[in-house]
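# Chains, contacts and geometry: an overview
Next come the chains, spelled out residue by residue.
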Amino acid sequence: MMRRFKNNLKFILPSLFFAVAVLVWYAVFCENRKGLEVDFLDVGQGDAIFIQAENGNQVLLDAGEGKAVLRELAEIMPFYDRSIDGLILSHPHSDHLAGFLEVLKRYKVGIVIEPCLETDSPEYKEWLTLVEENKISRVCAKKGETIDIGSGLVLDIILPVGEISGRKEHDAMLAAKLSYGKTSFLFTGDMEKNLENYLASVYKTDLKSNVLKIGHHGSDTSTSEMFLGYVSPEYAVIPVGEKNKYGHPKNVILERLEKFGVKIFRTDQSGLLKFKSDGSRVLLAN
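Here is a short report on the structure shown in this document.

Moving on to the nonpolar core. Counting residues in hydrophobic clusters, the biggest one holds 29 residues, and the most contacted among them are Leu-41, Leu-60, Leu-73, Leu-87 and Trp-127. Counting residues per element, the ones that place at least two in this core are strand 2 (48-52), strand 3 (58-63), helix 2 (68-76), strand 4 (83-88), helix 3 (94-106), strand 5 (108-114) and helix 4 (122-133). Beyond its immediate stretch of four places on either side in the chain, Leu-60 contacts Leu-41, Ile-49, Phe-50, Val-69, Leu-73, Ile-84, Gly-86, Leu-87, Ile-88, Phe-100 and Val-103. If you look at the next biggest cluster of nonpolar residues, it comprises 28 residues, including Leu-61, Tyr-180, Phe-265 and Leu-273.

The end-to-end C-alpha distance of helix 4 is 16 Å, a good match for the 16 Å that 12 residues give at a rise of 1.5 Å each. By the burial criterion, the buried members of helix 4 are Tyr-124, Trp-127, Leu-130 and Val-131. With its buried residues spanning 125° around the axis, helix 4 presents them on a single face. Exposed residues on helix 4 whose side chains face more than 90 degrees from its buried face are Pro-122, Glu-132 and Glu-133. Those residues of helix 4 that are buried are in contact with strand 4, helix 3, strand 5 and strand 6 (137-140). Directly after helix 4, the chain includes Lys-135, whose backbone phi takes a positive value near 55°.

Calculation notes
- Residues numbered from 1 in each chain as written.
- Predicted model: local features only at pLDDT ≥ 70, side-chain atom pairs only at ≥ 80, totals over all residues.
- Heavy atoms only, no water.
- Core = buried A, V, L, I, M, F, W, Y, C linked by side-chain atoms within 4.5 Å.
- Buried < 20%, exposed > 50% of the residue type's maximum accessible area, 1.4 Å probe, protein only.
- Helix = DSSP H or I, 4+ residues; strand = E, 2+ residues; numbered from the N terminus.
- Contact = heavy atoms within 4.5 Å.
- Expected span 1.5 Å × (residues − 1).
- Arc of directions from axis to C-beta.

This is the structure we're talking about:
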């Protein structure tokens, strides 16, 4: 038996070394990113945006509802990667929050950032419990704060403003602008026209971005002509569920985007959407 094992050893070892080499080079290839990648995940009627910096730092902004986010993360993260540096919650509605409960149970998380508008919903209570049990730092974001993700990637918080207790969820929204070199992405959650008007009055042309995440899944409560004019995006992304009961995105919003010459992408039609930036321009990488 021992002689047979020794004879086979010369065949086993090269195969084993080859397998290890493949895994090592796969890891090197996956971690050796160039530039910025922003992925809009297909989680149905909800938002989930995965940001990957060149230095390997990863941020997940919203997570949809249910386990769809886990399927999408498995598509874009290496199989060995079980950590995410930061989770950002735009507001505590289930179609943005509930998927985070699955993420917190399966990934090691460095920090969570949110408006800290506490609600009585079961999902939000579980969110707080999981954050506490896992000893994750929790930050209450406010307008004017800046998050340095690394490798020249900066996330500027532009909402919420002031004291938010007692506000409705959509009025306490966390909104942010991601900047990398000369390129930028504007993330609006379910922001409605009243907050769009506020941002337009404060930031004006500073809102200009290559990519606009359309507010509230393409509802006619968002994406006013004035706001769209200030942002002046090249691309618009609408995270939306196929044949959803709300009729999102609304035709008036699609027509408005077409009027402004914006290229429209929808997760219900295209699935996962990958955008890459080298700091000078943004391209769809699908």
